[in-house]
Each structure stands twice: as structure tokens, then as C-alpha cells.
Amino acid sequence: MISLEELKKIVLILIEIIVTLLIGLLFTLYILRPIYENYGISFTGNVWVNWFGVAYILFVLYTLIFGLFIFKGNNLFKQRLTSVIFWLLFIGSNYVVFIPFIKGGNPF
């Protein structure tokens, strides 16, 4: 059975994910799209890949700010910051967002 503390933790993580995805969508549509189009990169194809890349980059920035400055002793942020998968996904999301500048088009 799930305790009330665990349930609170799960709800907070879900809120983090939903808010990050929503902000990532806004950044993708209103910031990344014009930047791509200014560089002659068509914003077509599986744009959701770019959206998740942007959202994850924002999630990492959020985790760094909160984990290093605001909630220094929080185990959740410590676990994220020391996770290999967390950083590998960050590298992958940077690849997804910035590779269109190198290739000259969105490969996704």
C-alpha cells in the first residue's frame, strides 16, 4: 500500500513532468520554430521529437537550479543529478535540438 508521503511525491513528479512538457511545447513552437526557419530549416516531420528534446533540456535546467541552489539536501534531486541515464538523455536531447543546424534540415 502506498503511503501518503509516497503519493505526494508521485503527484509532485507528475506535475513537474506535465509543466515541463507544456513549457517545452511553448518554447518549441514560439522560440525554436522561428530560429529553425531563420536558418532555412523546415519545421516539419516528427516535430514531437524536437519538443521532447527541448522539454528535457528545460527539465535538466530546472533540476540543476533546484537541486544545486534551492533544495540542496533533497534526495530526489541528488538521485537525478547523479544518474547516468539522466545525463545520457540530456546529451541525446541536445543532439535532437542542435543536429538540424549541422545537417541543414530536421532529420526527424
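Just so it is clear, the model here is predicted, and its values are computed rather than measured. (Residues numbered from 1 in each chain as written. Predicted model: local features only at pLDDT ≥ 70, side-chain atom pairs only at ≥ 80, totals over all residues. Heavy atoms only, no water.)

A.B. asks: Would you take a moment to explain the overall build of the protein chain for this structure?
C.D. replies: Along the protein chain, the regular secondary structure elements total four helices and zero strands. Sequence-ordered secondary structure for the protein chain, helices as α and strands as β, is α-α-α-α. Summarising its shape, the C-alpha atoms of the protein chain cover approximately 50 × 25 × 20 Å along the three principal directions. Within the span of the protein chain, comprising 108 residues, buried residues form 29% of the whole. In the form shown here, the protein chain has an accessible surface area of approximately 7400 Å², with 74% of it arising from carbon and sulfur atoms. Taking the 7 positively charged and 4 negatively charged side chains of the protein chain as two groups, their mean positions are separated by 7 Å. (Helix = DSSP H or I, 4+ residues; strand = E, 2+ residues; numbered from the N terminus. Buried < 20%, exposed > 50% of the residue type's maximum accessible area, 1.4 Å probe, protein only. Areas by Shrake-Rupley, 256 points an atom, 1.4 Å probe, with all protein chains shown as cover. Lys, Arg positive; Asp, Glu negative; His and termini not counted. Charge placed at Lys NZ, Arg CZ, Asp CG, Glu CD.)

A.B. asks: Explain the confidence of the model for the protein chain to me, please; I cannot follow it from the model alone.
C.D. replies: Close reading of the predicted structure is inappropriate where its pLDDT is low. Taken residue by residue, the protein chain gives an average pLDDT of 93. The fraction at 70 or more is 100%. Mean pLDDT values over the elements of the protein chain span from 89, in helix H3 (residues 75-81), up to 96, in helix H4 (residues 84-103). (pLDDT = per-residue confidence, 0-100.)

A.B. asks: Explanation requested: the packing of helix H1 (residues 4-38) against H4 in the structure shown.
C.D. replies: How two helices sit against one another is set out by the angle between their axes and by the gap between those axes. Two numbers describe how H1 lies on H4: the axes approach to 10 Å, and their chain directions differ by 20°. Relative to H4, the element H1 is oriented roughly parallel. In the packing of H1 onto H4, the handedness of the crossing is left-handed. Contacts from Leu32, Ile35 and Tyr36 of H1 reach H4 at Val96, Val97, Pro100 and Phe101. Considered class by class, the residues forming the contact of H1 with H4 number seven nonpolar, no polar and no charged. (Axes fitted to C-alpha atoms, helices over the stretch in contact; angles between N-to-C directions. Parallel < 35°, antiparallel > 145°, perpendicular 65-115°, else oblique. Left-handed = near helix turned anticlockwise from the far one by under 90°. Contact = heavy atoms within 4.5 Å. Nonpolar A, V, L, I, M, F, W, Y, C, P; charged D, E, K, R; others polar.)

A.B. asks: Hey, could you run me through the environment of Asn50 in this one?
C.D. replies: Position of Asn50 among the secondary structure elements: in helix H2 (residues 47-70). The class of Asn50 is buried, set by a relative accessible area of 0%. As a C-alpha pair, Asn50 and Gly105 span 55 residues in sequence and 12 Å in three-dimensional space. For Asn50, the contacting residues outside a window of four places in its chain are Thr28, Leu32, Tyr36, Val96, Val97, Pro100, Asn106 and Phe108.

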